[in-house]
Amino acid sequence: MKKVILLVSSILCLVMLGSCGSEISKIGGENEDMKIGTAKRTKRERGKEDKYLVAYFSCTNNTKTVANRLAETLSADIHEIQPEENYTATDLEYNDPKSRSSIEQNDPNSRPKLSSQLNDVSQYNVIFLAYPIWWGSAPKVIYTFLESYDFTGKTIVPLCTSGGSGIGSSGEELESITNDQTNWLSGKRFDKNVSTKELKTWFSKLNIPKKTSQVTDISNFNLEHGKNGNASSITLNSGYKMPVAGIGTYSLENEECEDAILSALESGVRLIDTAYMYRNEEAVGNAIRKSGIPREEIFVITKIYPSQFDKANQAIDEAMGKLNIGYVDLMLLHHPGEGDVKAYKAMEKAVKDKKIRSIGLSNWYVEELEEFLPQVETTPALVQNEIHPYYQEKERSPVKCCCSMIFFIFIPHFIFYNKLF
Ligand SMILES: Cc1cc2nc3c(=O)[nH]c(=O)nc-3n(C[C@H](O)[C@H](O)[C@H](O)COP(=O)(O)O)c2cc1C
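All values reported here derive from a predicted model rather than from experimental measurement.

When you go through the protein residue by residue, the secondary structure sums to 11 helices and 18 strands. Of all 421 residues assigned to the protein, the portion counted as buried reaches 53%. Considering only contacts within the protein whose residues lie at least 6 apart along the sequence, 77% involve residues at least 24 apart. Within the structure as shown, the protein displays about 19,900 Å² of accessible surface, and the carbon and sulfur contribution to it stands at 47%.

See the structure below:
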C-alpha cells in the first residue's frame, strides 16, 4: 500500500544579509530582518570567484558592439559564436521567404553548425548571451550554441539588439531548450549605441546569484512560482536550484520507503531528504529510478554521519553507490563531530570531482558554526536544522551570519502530523 508517512518536511529559506562583522546572531523572534519580504537589501558586490562570459552572435556588428561594451564594463571574457558558414547579405534578406535566414527560422529543427569553440564553460557562473532579433526570436545558431555545452548550475542572461522590437519571448524560447538547473534571468533589448552607464545600471538591478557566499538578496526566493503541488525553487550559492519543500525520509525503510517516495514523486514532490543514518538511501534511489522522472528534475539530499567522518571519501562513495542516481544534489554533514572539518573537505573535493553538486551542514547551531566556518573554504549552501512550533531553539539557531554574508536555509523538520493537527 502506498503511504506517504509523516509529513513532508517543509523548508523555510532565509538569506543571510549583512556587512562584515564577526557575530553570528540568533533567532530573536522579533527581528524584522528575519521576515521574508522585509529583509534589508544590501548592495550586491561581485564575488571574488564570480567569472562572467559575454557570448554573442552578430552579422552586421550591432550586437558585437554591445557585447564588447558589456564585456569591458563587467571585465568579462568574450566569445563570438561563429557559424561554420557566415551569413551573406542575401542570406539575411528577411523579405525573401527563401533566404537562408528565413528557411532556418521557419524550421524548428534547424541548428546551423558552429565553427567557434568555447573553452571550458565550467569556469563561468554567469553567461550573458547576446544576439540580434530575427522575427521576434533568437537566430537558430544561438540554439546550436546552447545545445553544445552543459549550462547546468549556470545563470544565463539574454540580451539583444534589433531594428526596434523588444526582446519579447526570445529568452523564454531559449530557456525551454536548456535543463531545469539552468537559471535564466529576464533579458533586455539594447540600442547598438548603448552607453556604459546604461549597461552598468541594468547590471546592478539583475538578481545574479553569487558563486560563493555572497548571496545577499532574497529576491530569487519566490513562492509565487510554485504551482499545482510543485514547490518553487531557490538558487543555492553553488548556482544550483533547490525546491523549497520536499519529503523527509527518517524512519522509512525498504519497500515502505520506496512506496512513499514513489507516491510523493507522483504527487509532484521533487525534493527528497535521506541520510546514511536513515538506512534508506538504496530505497530512495530505487524509487527515483522506478519513477521514470528525469533525474535532473529531482533534488536529492543525503548526509554522512559522524561515525563516518574519519573515512569520509569512502562514505561519499558508499552513498553514491547506494543511491545509484549519478550524482548527489546536496550532501550534508549530519551532526558536528570529531573530524568534521576533514569530512567537509572531502565533500569539497567530491564537488570538484562532480560527484556532489552542493554541500552543507545539518544540526549546526551558532556556536558550532562560529568555530567551523573559519576552517573551511566553501560556504555551506545550506544549514538544515530542526525547527518547528514544538522545537524552536530560539537561542541557538542561526538566522543571520554576518561574517561572510552566508546564505542559510532552515528546515522545519519532522513536524509530526499527530502533534500539529
Ligand atoms: C533575418 C533578420 C530578421 C530580423 N527581424 C527583426 C525583427 O523581427 N524585429 C526587429 O526589430 N529587427 C529585426 N531585424 C533587425 C536586426 O535585429 C537588427 O538589425 C540587429 O541589430 C542586427 O544585429 P547584428 O548587427 O548584430 O547582426 C532582423 C534582421 C534580420 C537580418
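In the vicinity of the ligand there are 19 residues, among which Ser58, Thr60, Thr63, Ile133 and Ser165 approach most closely. The side chain of Ser58 places a nitrogen or oxygen atom 2.6 Å from an oxygen atom of the ligand. Between the ligand and the protein, one listed contact pairs a nitrogen atom with a side-chain N or O atom of Ser165 at 2.6 Å. In terms of residue class, the shell around the ligand is built from 7 nonpolar, 12 polar and no charged.

So, about the packing of aromatic side chains. Enumeration according to the criterion identifies 14 aromatic pairs in this entry. With a centroid separation of 5.8 Å and 50° between ring planes, the pair formed by Phe145 and Phe151 is classed as tilted. Overall, the relative accessible area of 1% leaves Phe145 in the buried class. For the pair Tyr344 and Phe372, a centre-to-centre distance of 5.2 Å together with 85° between the ring planes defines the contact as edge-to-face. Of this pair, Tyr344 sits in helix α9 (residues 340-352) while Phe372 is found in helix α10 (residues 366-372), placing the two residues 28 residues apart along the sequence. A residue is classified by how much of its surface remains accessible, and Tyr344, at 0% relative accessible area, is buried. Aromatic ring contacts, followed pair by pair, group Tyr52, Phe128, Phe190, Trp202 and Phe203 into a single cluster. It is Arg100 that lies over the ring of Tyr87; its NZ or CZ is 3.6 Å from the centre.

Next up on the list: unusual backbone geometry. What you tend to see is this: most non-glycine residues have negative phi, and most peptide bonds are trans. Of note, the phi angle at Asn61 is positive, near 75°, even though the residue is not glycine. For Asn61, the location among the structural elements is in the loop between β3 (52-56) and α1 (62-74). Positioned with a positive phi, Asn363 is a non-glycine residue whose angle comes to about 60°. When you line up the elements, Asn363 lands in the loop between β15 (356-362) and α10.

Moving on, we come to the side chain of Thr155. You can see Thr155 is positioned in strand β6 (residues 155-161). Among the polar contacts listed, one links the side chain of Thr155 to the side chain of Asn183, at a separation of 3.1 Å.

Looking now at the sheet that holds strand β13 (residues 299-304). The parallel open sheet is built from 6 strands, whose spatial order is β11-β12-β13-β14-β15-β16. What marks the edges here is a single partner per strand, and that holds for β11 (247-248) and β16 (383-384). Here 5 bridges tie strand β14 (residues 328-333) to β15, and the two strands are oriented parallel to one another. For Val328, the partnering residue across the bridge sits in β15 and is Ile356.

The rules behind these values
- Residues numbered from 1 in each chain as written.
- Predicted model: local features only at pLDDT ≥ 70, side-chain atom pairs only at ≥ 80, totals over all residues.
- Heavy atoms only, no water.
- Helix = DSSP H or I, 4+ residues; strand = E, 2+ residues; numbered from the N terminus.
- Buried < 20%, exposed > 50% of the residue type's maximum accessible area, 1.4 Å probe, protein only.
- Contact = heavy atoms within 4.5 Å.
- Areas by Shrake-Rupley, 256 points an atom, 1.4 Å probe, with all protein chains shown as cover.
- Near = heavy atom within 4 Å.
- Polar contact = N/O pair within 3.5 Å; in protein donor to acceptor, adjacent residues only side chain to side chain.
- Nonpolar A, V, L, I, M, F, W, Y, C, P; charged D, E, K, R; others polar.
- Phe/Tyr/Trp six-rings, centres within 6.5 Å; stacked < 30°, edge-to-face > 60°.
- Lys NZ or Arg CZ within 6 Å of the ring centre and 35° of its normal.
- Pairing = 2+ DSSP bridges.

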